[in-house]
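Residues per chain are reported as follows:
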Amino acid sequence: MKLVCKKDLLLQYINIVNKAVSNRTTLPILECILLTADEKGFVLTGNDLELGIKTASIDANILEKGEIAIEARIFNEIIRRLNGDDVTISTDERNAVNIICGSSEFTIMGQGGEDFPALPEVEQNQAYTLKQNDLRNMIRQTIFSIAQDNSKPVLTGELFEFNEDFLNIVSVDGYRISYRKNNLLNSCGKNEVIVPGKTLSELNKILSQEEEDLVSVFVTDKHILFDLGTAIMVSRLIAGDFIRYEQSFSEDFKTEILIDKSELIQSLERASLVSRDNRKTPVRFKIKTKSLEITAKSDMGTAFEEISAEIEGEEISIAFNPRYFIEALRSIDEDKVKIHFTASLSPCTILPVEGDSFKYLILPLRI
């Protein structure tokens with residue numbers, strides 16, 4: 001194999017496929033990036049057997065076809081530190097890789113490309129399509145409440161509910177539920193799958209923020225494929241049945257408050273300063289006729305906040321882990337939110353002032 005390409009362009013695509021390179025494995029080949037130069041072009045591939053990424057064709061002058069697997073860490077460091085514009089990469093029959101750029105030249109050993117695991121085949125006939133920035137925001141606004149332990153594997157991922165016109169993304173960790181809804185530009189019918197949290201975390205790092213960039217999503221029984229144009233990402237799905245989260249959201253409530261989101265976040269952050277352990281020393285809400293009182297008490301001291309709010313319904317006292325509330329509120333882009341309360345030991349629900357684009361449910365703590 002021999003080719004010439006721009007250093008900055010190559011580095012950009014290395015950073016993309018690095019998201020799928022394994023750091024902890026007994027198989028050295030999984031610590032590599034596969035470089036392939038053939039009649040279809042020059043592409044990079046990373047695959048840790050759970051998640052795989054393959055770039056679109058990279059602009060390059062291919063002088064000799066071939067493929068080679070190169071240890072990702074050293075390859076990334078070499079390309080990142082080169083001082084020229086054009087990189088020449090060539091290999092010999094011993095799988096030695098020669099890299100020349102500017103005044104620098106490196107020779108490192110690679111591995112045969114035939115040993116690199118192929119990405120799973122995912123049929124790309126019927127697609128769900130939406131804006132990349134919309135998907136990026138939906139993941140950002142829900143991923144913080146996936147479960148962190150493996151006692152219930154389905155909760156370590158997020159539920160993707162595809163409908164005729166919209167997509168729901170839901171995460172649950174046993175203490176809270178995060179729900180986001182967004183319109184689809186194209187749909188191929190109803191479907192639902194559970195996507196691993198790691199996949200979504202890495203996907204979010206490479207999704208575009210440009211308004212016109214789209215992502216096409218393809219689903220099989222075991223895999224999901226995201227086509228970003230610049231690259232495709234293929235991930236295993238989590239097998240199992242997600243919890244029926246809809247039953248947790250009740251239409252009944254006794255108290256509704258309309259409140260400024262930023263003011264509530266700042267008050268919660270100040271009140272939680274006296275708490276070293278949010279689970280053992282929660283913040284307490286006392287909802288009165290015209291204001292919300294927030295208090296916290298621990299061995300360190302006490303805190304008191306009072307916020308004006310539009311309140312309808314009964315007065316109520318209830319306690320929460322402040323981190324759960326803060327993370328939900330930070331993910332919301334609107335200036336004001338509605339919060340519904342039922343009783344001191346019943347969950348509360350954070351909602352938009354208008355529409356149904358999000359719902360956040362948070363369980364209270366015993367006072």
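As a reminder, the structure under discussion sits directly above these lines.
One structure accompanies this document, and this report is about it.

Definitions and cut-offs
- Residues numbered from 1 in each chain as written.
- Predicted model: local features only at pLDDT ≥ 70, side-chain atom pairs only at ≥ 80, totals over all residues.
- Heavy atoms only, no water.
- Pairing = 2+ DSSP bridges.
- Helix = DSSP H or I, 4+ residues; strand = E, 2+ residues; numbered from the N terminus.
- Axes fitted to C-alpha atoms, helices over the stretch in contact; angles between N-to-C directions.
- Phe/Tyr/Trp six-rings, centres within 6.5 Å; stacked < 30°, edge-to-face > 60°.
- Lys NZ or Arg CZ within 6 Å of the ring centre and 35° of its normal.
- Buried < 20%, exposed > 50% of the residue type's maximum accessible area, 1.4 Å probe, protein only.
- Salt bridge = Lys/Arg side-chain N within 4 Å of Asp/Glu carboxyl O.

For the rest of this paragraph, the subject is the sheet that holds strand 9 (residues 104–109). Sheet strands associate in pairs through backbone hydrogen bonding, adopting either a parallel or an antiparallel arrangement. Spatial strand order, 5-1-7-8-9: 5 strands in an open sheet with antiparallel pairing. The open sheet is flanked by strand 5 (60–64) and strand 9, the only strands paired with a single partner. Looking at each pair of strands side by side, their axes are set apart by 15 degrees on average, direction ignored. In the sheet, strand 1 (residues 2–6) pairs with strand 5 via 4 bridges, with the strands oriented antiparallel. Bridging across to strand 5, Val4 finds its partner in Asn61.

Let us look at the packing of aromatic side chains. Applying the stated criterion across every chain, the model contains 11 aromatic pairs. Here the aromatic residues Tyr128, Phe160, Phe162 and Phe226 are joined through ring pairs into a cluster of three or more. Above the face of the Phe166 ring, Lys181 is positioned so that its terminal group lies 4.3 Å from the ring centre. Directly above the ring of Tyr179 sits Lys359, whose terminal nitrogen or CZ lies 4.7 Å from the centroid.

Looking at where Ala343 falls in the secondary structure, it is placed in the loop between strand 25 (336–341) and strand 26 (348–352). Classification of Ala343 as partly exposed rests on a relative accessible area of 27%.

Below, the discussion takes up the pairing of strand 27 (residues 358–362). The buried fraction of strand 27 amounts to 4 of the 5 residues, a majority that puts the element mostly inside the structure. When strand 14 (residues 176–183) meets strand 27, the two strands line up antiparallel, connected through 5 bridges. Within strand 27, the position partnered with Ile177 by the bridge is Leu361. In this sheet, strand 27 lies alongside strand 26 in antiparallel orientation, the contact comprising 3 bridges. If you follow Ile350 over to strand 27, its bridge partner there is Tyr360. From the end of strand 26 to the start of strand 27, which pair antiparallel, there are 5 residues, and Gly355 there has a positive phi angle of about 85 degrees.

Below, the discussion takes up the pattern of salt bridges. Counting across every chain of the model gives 19 salt bridges. With a closest N to O distance of 2.7 Å, Glu77 and Arg80 form a salt bridge. Pair noted here: Glu77 and Arg80 are both in helix 2 (residues 72–81), with a separation of 3 residues, about one helical turn. With relative accessibility at 23%, the residue Glu77 sits in the partly exposed group.

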